Amino acid sequence: MGVPERIKEIEDEIRKTQINKATNHHIGILRAKIARLKQEQEEKSGRASKSTGGYSVRRSGDATVAIIGLPSVGKSTLLNNLTGADSKIGAFDFTTLDVVPGIMKYNGAKVQILDLPGIIKGAASGKGFGKKVLSVARTSNLIIMVVDVFKPDQTDLLRNELGQIGIRLDQKPPNITVDKKGSGGIQITNLVPESISNSLISGILRINKIHHARVFIPEPITTEQFIDVISGNRVYVNSVTILNKVDLVDKKSLDEIITKIGSNCIPISADKDRNLEDLKDAIYQQLDLIRIYLRPKGGVADYEEPLIVPRNSSIIEICAKIHRDVEKNFRYAYIWGTSAKFKGQKVGKKHIVEDEDVVTLINAK
Ligand SMILES: Nc1nc2c(ncn2[C@@H]2O[C@H](COP(=O)(O)OP(=O)(O)O)[C@@H](O)[C@H]2O)c(=O)[nH]1
Ligand SMILES: [Mg+2]
């Protein structure tokens, strides 16, 4: 039996099993087996498809955002309106076959936005351009999911395809440690056995051929999250869900549709330019960027062009963003603003900056 058949067999078994406390362990093991098989499959096909490659997109700007959606939902229209790019728009499916980048300027930040070919059901398992598209999403700082106002169910499909390729939306990486060892068997410190049992932990490790490890589980975790940690190739990305073409429905139906989606979504009309300012703000907020004003020694701060960095960046990360040489030659910094204990505090490499801090870098000559 080939790998796809084995996966299908196990999936069928899960479907036939009632989910309750007594079957929890069994189902967990089956899920781990599927994850393992999919990973094997991935590694094989990865090797085979290396030559065809993925999209190579030159990164620019302070952060990168991927637009994901089915064909014809208005992705290209949206990119053009947010960035002034010129991506082809069509009344037919599959107009965009390549990645089209644009730059959105907001709050001093330059955000690169990528318009991608539409994905369809089964994209994660290699249908159409699906895989290539989803792999661009994997390396983005934020994912915009665009759905058609008449097809709100598309959100489930998108989440599912993204999930299958290892993208975890709007979650933090689980806070657990698994230290692989050369000997000593499996040692588990589990502070929350009611969320995952030690026997399930051991079982999942065994399926992944881990026989010696120290495991520490300090807070509640789902079976899925534990499998994610063991699999290792998951990425955690924030998302914004957009309901597009709202110009085509009346207010009452729109409210009903939004309630049906349940989660936060931003209703817009990419074509009629409705609510795009709110959307820009939501993108900026979700990227969680901050502004740093550089002040040359003895000079005045540059408030016109802030340096844009991820929240919780350290001084040395700021140096690295400016230039490799600045990073190499860094000695110390002076700092003004929220993160400073007092004005002009002298700080080292590891100091964490905050939004709108003013920083003077002192370099070795
Ligand atoms: N009524 C309406 N039509 C839109 C809107 N956005 C896009 N469209 C139309 O939907 C079609 C597909 O748009 P396109 O941007 O090419 O979709 P893509 O395949 O997702 O890139 C085009 O005919 C657009 O003019 C919108 O907000 N309202
Ligand atoms: Mg398009």
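In case you missed it, the structure is sitting above this.
For the structure given in this document, a descriptive report is provided here. (Residues numbered from 1 in each chain as written. Chains lettered and ligands numbered in written order. Predicted model: local features only at pLDDT ≥ 70, side-chain atom pairs only at ≥ 80, totals over all residues. Heavy atoms only, no water.)

**Focus on the overall build of the protein**
We apply this condition: A run of H or I in DSSP counts as a helix once it spans at least four residues, and a run of E counts as a strand once it spans at least two, with each numbered from the N terminus. Throughout, exposure labels follow a simple rule: accessible area from a 1.4 Å probe, protein chains only, divided by the maximum for the residue type, with under 20% read as buried, over 50% as exposed, and the rest as partly exposed. Only the protein chains shown count as cover for residues, and the accessible areas themselves come from Shrake-Rupley with a 1.4 Å probe. Charge counting follows a simple rule: Lys and Arg are positive, Asp and Glu are negative, and His as well as the terminal groups are ignored. Every charge is mapped onto a representative atom, which is NZ of Lys, CZ of Arg, CG of Asp or CD of Glu.
From N to C terminus, the protein includes 11 helices and 15 strands. Here the C-alpha coordinates of the protein stretch approximately 70 × 60 × 45 Å along the principal axes. Split into buried and exposed, the 365 residues of the protein put 45% on the buried side. Carbon and sulfur atoms provide 49% of the accessible area of the protein, an area that totals close to 20,000 Å². Within the protein, one finds 54 positive and 43 negative side-chain charges whose respective centroids are separated by 7 Å.

**Focus: the pattern of salt bridges**
Pairing is possible between side chains of opposite charge, provided their charged atoms come close. Worth spelling out the cut-off: The term salt bridge refers to a side-chain nitrogen of Lys or Arg lying within 4 Å of a carboxyl oxygen of Asp or Glu.
Applying the stated criterion to the full structure yields 19 salt bridges. Between Lys38 and Glu11 there is a salt bridge, and its shortest N-O distance comes to 4.0 Å. Of this pair, Lys38 sits in helix 2 (residues 24-49) while Glu11 sits in helix 1 (residues 3-16); the two residues are 27 residues apart in sequence, bridging distant segments of the chain. Note on Lys38: relative accessible area 30%, which makes it partly exposed. Among the salt bridges present, the one from Lys280 reaches Glu277, with a minimum N-O distance of 3.5 Å. Separated by three residues within a single helix, Lys280 and Glu277 lie in helix 9 (residues 276-287), roughly one turn from each other.

**Side note on unusual backbone geometry**
With phi around 70°, Lys245 is a residue other than glycine that occupies positive phi space. Note that Lys245 resides in the loop between strand 9 (235-244) and helix 8 (251-261). A positive phi angle is found at Asp288, which is not glycine, with a value near 55°. Looking at where Asp288 falls in the secondary structure, it is placed in the loop between helix 9 and strand 11 (289-294). Owing to a relative accessible area of 33%, Asp288 belongs among the partly exposed residues under this scheme.

**Looking at the packing of aromatic side chains**
Convention followed: Here is the rule: rings of Phe, Tyr and Trp (six-membered ring for Trp) pair when centre to centre is within 6.5 Å. Planes less than 30 degrees apart are stacked, more than 60 are edge-to-face, and the remainder are tilted. Distance and angle both matter: a charge sits over a ring if NZ of Lys or CZ of Arg is within 6 Å of the ring centre and within 35 degrees of the ring normal.
Inspection of the entire model under this criterion finds three aromatic pairs. With a centroid separation of 5.6 Å and an interplanar angle of 55°, the aromatic rings of Tyr106 and Tyr284 are classed as tilted. Placement of the pair is Tyr106 in strand 2 (residues 100-106) and Tyr284 in helix 9, with a sequence separation of 178 residues. The residues Tyr106 and Tyr284 share a single accessibility class, namely buried. Plain terms: the ring middles of Tyr332 and Tyr334 are 5.6 Å apart, the flat faces sit at 85° to each other, and that makes the pair edge-to-face. Relative accessible area serves as the criterion here: at 26%, Tyr334 is assigned to the partly exposed category. The positively charged end of Arg295 is found above the aromatic ring belonging to Trp336, 4.4 Å away from the centroid.

**Quick word on the site of ligand 1**
Counted only if it meets this: In this text, near means that some heavy atom of the residue lies within 4 Å of the molecule or strand in question. Whenever two N or O atoms come within 3.5 Å, that pair is a polar contact, provided that in protein one can donate a hydrogen and the other can accept it, and provided that, for residues adjacent in sequence, both atoms are side-chain atoms. Each residue is assigned to one of three groups, with Ala, Val, Leu, Ile, Met, Phe, Trp, Tyr, Cys and Pro labelled nonpolar, Asp, Glu, Lys and Arg labelled charged, and all others, Gly among them, labelled polar.
In the vicinity of ligand 1 lie 18 residues, with Ser72, Lys75, Ser76, Thr77 and Asp247 positioned nearest. In the environment of ligand 1, an oxygen atom lies 2.7 Å from a nitrogen or oxygen atom belonging to the side chain of Lys75. Considered on its own, ligand 1 offers 580 Å² of accessible surface; in the complex 87% of this is hidden by protein. Examining the composition of the shell around ligand 1, we find that three residues originate from one element, helix 3 (residues 75-83), more than from any other. Grouping the constituent residues of the shell around ligand 1 by class yields six nonpolar, eight polar and four charged.

**So, the pairing of strand 9**
Definition in use: Two strands are said to pair when DSSP picks up at least two bridges between them.
The buried count for strand 9 comes to seven of 10 residues, which makes it a mostly enclosed element. The pairing of strand 4 (residues 142-148) with strand 9 spans seven bridges and is parallel. From the neighbouring strand, Met145 faces strand 9, where its bridge partner is Thr241. Alignment of strand 5 (residues 167-169) against strand 9, held across three bridges, turns out to be parallel. Bridge pairing links Leu169 to Val237 in strand 9. Bridging between strand 9 and strand 10 (residues 266-267) involves two bridges; their strand directions are parallel. Its bridge partner being in strand 10, Ile242 is matched across the sheet by Ile266.

**With respect to the sheet that holds strand 7 (residues 186-190)**
Threshold: Lines fitted to C-alpha atoms define the axes, with helix axes restricted to the stretch in contact, and inter-axis angles between N-to-C directions lie between 0 and 180 degrees.
Strand order in the open sheet made by the three strands is 6-8-7, with mixed pairing throughout. Both edges of this open sheet fall to strand 6 (177-180) and strand 7, since each of them pairs with a single strand only. Between one strand and the next, the sheet's axes are offset by a mean angle of 10°, whatever the strand orientation. For strand 6 and strand 8 (residues 213-217), the ladder comprises four bridges, and the chain directions are antiparallel. Paired with Val178 across the strands is Val215, a residue of strand 8.

**What to know about the environment of Gly344**
The condition that has to hold: Contacts between residues were defined by any pair of non-hydrogen atoms, one from each residue, lying within 4.5 Å.
One can find Gly344 in the loop between strand 13 (330-336) and strand 14 (345-347). When the C-alpha positions of Gly344 and Val73 are compared, they lie 51 Å apart, and in sequence the two are 271 residues distant. Excluding its chain neighbours within four sequence positions, the residues that come into contact with Gly344 are Tyr334, Ile335 and Trp336.

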